[in-house]
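Given next are the chains, with one letter for each unit.
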Amino acid sequence: MSGKSSVNDKKLANFKNIGSWLGKLTIGKGVPVPFYKLNLKNLLISSFANGTRINMNVPVVIKILEYVNLYPEIFRSTSPWL
């Protein structure tokens, strides 16, 4: 059992690194992730609805979105109510 968990931990670490890398390449440079190439919202909704890979998808999306704080003037809401 411990062998399987270590493999999952390695996969999760690799996915987090990929998410961080993707965030640096896109959002870190002030360019959002194209919606038609990677739909992050649909990814989270479908993984939650199916009950599969939610524990792998959430950390990746978090790592991608960590770089939004670097450009608050670009990624801000136009409505003050939001």
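Residues numbered from 1 in each chain as written. Predicted model: local features only at pLDDT ≥ 70, side-chain atom pairs only at ≥ 80, totals over all residues. Heavy atoms only, no water.

Novice: What's the story with the overall build of the protein in this structure? I'm lost.
Specialist: Summing up its helical and strand segments, the protein has 3 helices and 0 strands in all. Listed N to C, the secondary structure of the protein is α-α-α in terms of helices and strands. Looking at the protein residue by residue over its 82 residues, the buried ones come to 20%. Put simply, of all contacts in the protein between residues at least 6 apart along the chain, 71% involve residues at least 24 apart. Here the protein displays about 6,600 Å² of accessible surface, and carbon together with sulfur accounts for 62% of that area. (Helix = DSSP H or I, 4+ residues; strand = E, 2+ residues; numbered from the N terminus. Buried < 20%, exposed > 50% of the residue type's maximum accessible area, 1.4 Å probe, protein only. Contact = heavy atoms within 4.5 Å. Areas by Shrake-Rupley, 256 points an atom, 1.4 Å probe, with all protein chains shown as cover.)

Novice: Would you mind showing me how to read unusual backbone geometry here?
Specialist: Most peptide bonds adopt trans geometry, and most residues besides glycine take a negative phi value. Backbone geometry at Arg 53 places phi at a positive 60°, although glycine is not the residue there. Note on placement: Arg 53 falls in the loop between α2 (40-50) and α3 (54-65).

Novice: Is there a simple way to explain the packing of α2 against α3 in this structure?
Specialist: Helix packing for two helices is described by the angle between their axes and how far apart those axes are. Contact geometry for α2 and α3: axes closest at 9 Å, N-to-C directions at 160°. Relative to α3, α2 is oriented roughly antiparallel. The chirality of how α2 crosses α3 is left-handed. Of α3, the residues touching α2 (which contributes Leu 40, Leu 43, Leu 44, Ser 47 and Phe 48) are Ile 54, Asn 57, Val 58, Val 61, Ile 64 and Leu 65. (Axes fitted to C-alpha atoms, helices over the stretch in contact; angles between N-to-C directions. Parallel < 35°, antiparallel > 145°, perpendicular 65-115°, else oblique. Left-handed = near helix turned anticlockwise from the far one by under 90°.)

Novice: Quick question: what am I supposed to make of the environment of Tyr 71 here?
Specialist: Considering the arrangement of structural elements, one finds Tyr 71 in the segment after α3. Sequence spacing of Tyr 71 and Ile 27 is 44 residues, and the spatial spacing of their C-alpha atoms is 8.1 Å. Among residues more than four places away in sequence, those in contact with Tyr 71 are Ile 27, Gly 28, Lys 29 and Gly 30.

Novice: Is there a simple way to explain the pattern of salt bridges in this structure?
Specialist: Pairing of side chains with opposite charge becomes possible as their charged atoms draw close. Taken as a whole, this structure holds 1 salt bridge when the rule is applied. Taking the shortest distance from any N to any O, the salt bridge between Lys 63 and Glu 66 comes out at 3.9 Å. With relative accessibility at 42%, the residue Glu 66 sits in the partly exposed group. (Salt bridge = Lys/Arg side-chain N within 4 Å of Asp/Glu carboxyl O.)

Novice: What am I meant to see in the nonpolar core here?
Specialist: Among soluble globular proteins, nonpolar side chains are generally buried collectively. Grouped together as the largest cluster of nonpolar side chains are 7 residues: Ile 27, Val 33, Leu 40, Val 60, Val 61, Ile 64 and Tyr 67. A per-element tally of this core places α3 first, with 3 residues. If we ignore the near neighbours within four places in the chain, the residues touching Ile 64 are Gly 19, Leu 22, Gly 23, Ile 27, Val 33, Leu 38 and Leu 40. (Core = buried A, V, L, I, M, F, W, Y, C linked by side-chain atoms within 4.5 Å.)

Novice: Help me understand the confidence of the model for the protein, please; the structure alone is not making it clear to me.
Specialist: Regions with low pLDDT should not have their predicted coordinates read in detail. Taken as a whole, the protein shows an average pLDDT of 80; of its residues, 85% reach a score of 70 or greater. Here helix α1 (residues 2-25) is the element of the protein with the lowest mean pLDDT, 81, and α2 is the one with the highest, 90. (pLDDT = per-residue confidence, 0-100.)

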